[in-house]
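Residue-level structure breakdown
Take a look at the letters that make up each chain.
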2 protein chains.
Amino acid sequence: MSKVMAHIDQNKKRYQDELFELLRIPSISADPDRAADIRRAAEFVKAKLAAMGCQARIYETPGHPLVYGEWLGAKGRPTVLFYGHYDVQPPDPLELWHSQPFEPTVRDGNVYARGASDDKGQFLANVLGVESFFQTNGGPPVNVKFLIEGEEEVTSTNLEHFVAANRELLKCDQIVVSDTAQFKPGYPAICYGLRGICYMEVFLRGANIDLHSGEYGGAVPNPANELSRIIAKLHDPKTGKVAIPGFYDDVVELDPKERAELARLPFDETDYKKRLDLTALPGENGYSPIERTWTRPTLDVNGLTSGYQGKGAKTVIPAAASAKISMRLVPNMDPKKVQKQFEDTIRSLCPPYINVRFANFGMAKPVVVPSDSPALARARAALEKGFGAKSVIVRSGGSIPVVETFKTHLGVASLLVGYGLPDDALHSPNEKFSLEDFHRGIRTAAHLLEELAK
Amino acid sequence: MSKVMAHIDQNKKRYQDELFELLRIPSISADPDRAADIRRAAEFVKAKLAAMGCQARIYETPGHPLVYGEWLGAKGRPTVLFYGHYDVQPPDPLELWHSQPFEPTVRDGNVYARGASDDKGQFLANVLGVESFFQTNGGPPVNVKFLIEGEEEVTSTNLEHFVAANRELLKCDQIVVSDTAQFKPGYPAICYGLRGICYMEVFLRGANIDLHSGEYGGAVPNPANELSRIIAKLHDPKTGKVAIPGFYDDVVELDPKERAELARLPFDETDYKKRLDLTALPGENGYSPIERTWTRPTLDVNGLTSGYQGKGAKTVIPAAASAKISMRLVPNMDPKKVQKQFEDTIRSLCPPYINVRFANFGMAKPVVVPSDSPALARARAALEKGFGAKSVIVRSGGSIPVVETFKTHLGVASLLVGYGLPDDALHSPNEKFSLEDFHRGIRTAAHLLEELAK
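So, a few notes on the structure that sits alongside this text. Because the structure is a prediction, the values reported are computed rather than measured.

Let's shift gears to the environment of Gly206 of chain A. Mapped onto the secondary structure, Gly206 of chain A falls in the loop between strand E9 (196-205) and strand E10 (211-212). Taking the C-alpha atoms as reference, Gly206 of chain A lies 30 Å from Lys241 of chain A; in sequence the two are 35 residues apart. Those residues in contact with Gly206 of chain A, other than ones at most four positions away along the chain, are Val220, Pro221, Asn222, Pro223, Ala319 and Ile354 of chain A together with Leu278 of chain B.

For the rest of this paragraph, the subject is the sheet that holds strand E14 (residues 355-364) of chain A. Spatial ordering of the open sheet is given by E14(A)-E9(A)-E13(A)-E11(A)-E11(B)-E13(B)-E9(B)-E14(B), a layout of 8 strands whose pairing is antiparallel. A single partner strand is all that each edge strand has here, and the edge strands are E14 of chain A together with strand E14 (355-364) of chain B. Within the sheet, the average angular offset between the axes of one strand and its neighbour, ignoring direction, is 20°. Inspection of the sheet shows strand E11 (residues 298-307) of chain A paired to strand E11 (residues 298-307) of chain B by 5 bridges, in the antiparallel sense. Bridged to Gly307 of chain A within E11 of chain B is Gly303 of chain B. Of the strands in this sheet, E11 of chain A together with strand E9 (196-205), E11 and strand E13 (320-329) of chain B are in contact with helix H8 (residues 223-232) of chain B, which crosses E13 of chain B at around 20°.

On to helix H4 (residues 116-137) of chain A. Residue and element names in this part refer to chain A. Its 22 residues give H4 an end-to-end C-alpha distance of 29 Å, which sits within 8% of 32 Å, the value for a rise of 1.5 Å per residue. With respect to burial, H4 is a largely interior element, 18 of its 22 residues being buried. Just beyond H4, the residue with positive phi is Gly138, at close to 80°.

Overlaying chain B with chain A gives an RMSD of 0.0 Å, the required rotation being 180° about an axis along which the chain moves by 0.0 Å. Read as a symmetry element, the transformation amounts to a two-fold axis. Among all residues of chain B, the one whose C-alpha sits closest to the rotation axis is Ser228 of chain B, at a distance of 2.0 Å. Both copies contact each other with a shared surface, as 100% of the interface residues of chain B are interface residues in chain A too.

This part is about the nonpolar core. One broad rule of soluble globular proteins: the nonpolar side chains tend to lie buried together. The biggest cluster of nonpolar side chains holds 94 residues, and the ones touching the most others in it are Cys198 of chain A together with Cys198 of chain B. When residues no more than four places from it in sequence are discounted, the contact partners of Cys198 of chain B are Met327, Leu329, Pro335, Val338, Gln339, Phe342 and Met363 of chain B. Core analysis: the second largest hydrophobic core is formed by 79 residues, Leu66, Val144, Leu159 and Val177 of chain B among them.

Attention now moves to the interface of chain B and chain A. How big an interface is tends to be stated in terms of the accessible area lost upon association of its parts. Facing 84 residues of chain B, the contacting portion of chain A comprises 84 residues. Of all the elements, E11 of chain B adds the most residues to the side of chain B that touches chain A, at 9 residues. Of the residues contributing to the side of chain B that touches chain A, the split by class is 36 nonpolar, 33 polar and 15 charged.

Next up on the list: the sheet that holds strand E5 (residues 110-112) of chain A. The strands making up a sheet are joined through hydrogen bonds of the backbone, oriented either antiparallel or parallel. Residues and elements named next belong to chain A. Ordered in space as E4-E5-E18, the 3 strands form an open sheet in which the pairing is antiparallel. Both outer strands of the open sheet, strand E4 (105-107) and strand E18 (432-434), are each paired with one neighbouring strand and no more. Between one strand and the next, the sheet's axes are offset by a mean angle of 30°, whatever the strand orientation. In this structure, E5 lies alongside E18, joined through 3 bridges in antiparallel fashion. Counted as the bridge partner of Asn110 is Ser434 from E18.

Definitions and limits used
Residues numbered from 1 in each chain as written. Chains lettered and ligands numbered in written order. Predicted model: local features only at pLDDT ≥ 70, side-chain atom pairs only at ≥ 80, totals over all residues. Helix = DSSP H or I, 4+ residues; strand = E, 2+ residues; numbered from the N terminus. Contact = placed C-beta atoms within 7 Å. Pairing = 2+ DSSP bridges. Axes fitted to C-alpha atoms, helices over the stretch in contact; angles between N-to-C directions. Expected span 1.5 Å × (residues − 1). Buried ≥ 20, exposed ≤ 12 C-beta atoms within 10 Å, placed from the backbone. Least-squares fit on C-alpha atoms with pLDDT ≥ 70 in both. Core = buried A, V, L, I, M, F, W, Y, C linked by C-beta atoms within 7 Å. Nonpolar A, V, L, I, M, F, W, Y, C, P; charged D, E, K, R; others polar.

The structure is reproduced here in structure tokens:
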């Protein structure tokens, strides 16, 4: 291992160059106009896997392509499948970026770029950890497979079908996903639980055109006012709970033991508020912020659009109003059931003279894995060596749909080993990734291969 | 008059060419990037007034310029001031226009263009009516003044100061404003009442950046959810009334006589709904649609903006959310008092962890003039000759701030003589103006000069 680690340390600069090259590709999966860039990112990953010694190929899907790679030269040893995603969130709002989102820029030891932490930097750390064995020992101590998708940010639309249809190809003993974060600097973390998601858009329509608010104000329905009224009724103001009938029916309450463990984590509420410039952390009554983000379901407006959004005044009653609304789900909520509850509730709140329709932009089931498995213990050991710090176990409020998919179709649990930080500004302007953490991630990946070979 | 009318009929084509030339100038007052086009429109109007025989000049303001013209050659006769505005609303949403908003296009006898009816076509009809006397009789039978402003669509920000500072210049016996509409085709109308306006934007802010809705959902305030909650509370769902404390304190209730007159107007609710593709006309309980739009105050969201508005899904908790909200006011509401009531109410509804600020995009007082004055009778006579149809008297739900301004500073009431139609799509895509009504408007203006000379 000392040879491998020395090699990793010597190649620090080259690793960064490779990361920057990948970050320059605007592989925004939500934007249909970026299909060529998505393709370019997929080709980049395939070429990287092939160059280091894997058999690699691209699998087409009805959406964006999947990259698959494998090296099965460690006869009799376990097989580890690394999952990651080469697609990124849209960079909007652009004007808030301090440097171009697709021109990686280093400030204070961090690289700033869309996708730096989510997930290009993290999955590339695993790829490079494997590469270090090819370049020093002829190959890793375990068999490796890579599945790097291009639709994670649009809730992995086509991945489940691919996994279900390719069980033999993807067969493995352990899955490693690096798309989560450390608890905070100096607290590398293994994640054992993820929330699910149901992402909807509601479209309301009143009259057939925008109308002069003077001539028509008072006589016609206003879908923007109605939308506000409907959204307002989706929460109970007293309890902070989501007010969709049946929403909590399947929610598994936190057990006292786990609750006590969460309370022991070094969460600094003052620092958290300061970092976000907030004076309070409101939410569902009776739960701490960590409990609310990791173990409780939520409903949040992610976007509102109606009427005139330009400068100054335009006196129109909008013809239409729409809201993007995502719900984060916890075990044992079923996203399809939640979608129906959501649509039924909105329909029941919508007055008859307003036309309503819906779009669904993705679903993922929540997942929690045992926090005391031998694999998790090995991952903690690797992480502690890679980062030189004691690890903690955490849950995450985010969704990584593939974890549930792997569990269902391959029967294998995922190890969620995160190299990022909670303030990496995922999905926000000025996303970043610590270059030191990138390097520690590569070291961790190498240690993890050795641990999993045991 | 027969010579004048014959001249008007002979020049139909030229009048249209001149109108189209003016409509090609995108003089959008709300858009700071259109300052040069605003200037171009002002120069066009000035040149037109000068060419036909008036002394004309441009007055600068801190905002957009005013065009003033006069001809005082009718010694001993009354002076009539014509008011209009050369600025237009923004054309958004562009994709709903069937032809370019600034390339006038004729379909079915209508010219389609932004500003066709509001107000370029209407004020130009008055200008051309005056011109017809210059070209046939050496000059009109009364003294004429023109005041054509460039900020009507941004609630005439600088006009009041100009009028107050130029009382001598603007001194007149009668004011004519053509910025309203016929009641419906075949029912030319004089308007005796306008609503006022108070146009606000509310800006809410939560965290300092957009946040990942998975990582943060449940722990941080969501300004889009909060904005919806606040807007929802601005109406009483039971009565349809605006739920701002004190909002109705100064509202003058409709008297039974006027109510009966309004009920006699040939308002076709079925046709109105059909035209707008609506199944109901909701609003304040206990009032008809005409009463609600003309004589009752309203509050409408004119625009909503928050978070991600692009295609597909982006899972962010927005840092900010904003709403453009206009309130239409009736006698004797005071826009400044309403602004304070509005701000106080929003502040009281806003939770302490959300930052709130406001912008005001304009104010106008409501105004109602006597419906039985001699001047109004003369205007009705001119309108009936110009249109060849019996006239009706109406109120309007819109705001023409200058009417109140003229009343206050010049002590002169305005005659609101409208040539447009209620379905001209003012402020909407595909604004239009009937070319036949444009021609009838020119004829009406000429008759009106003769009537007012009596």
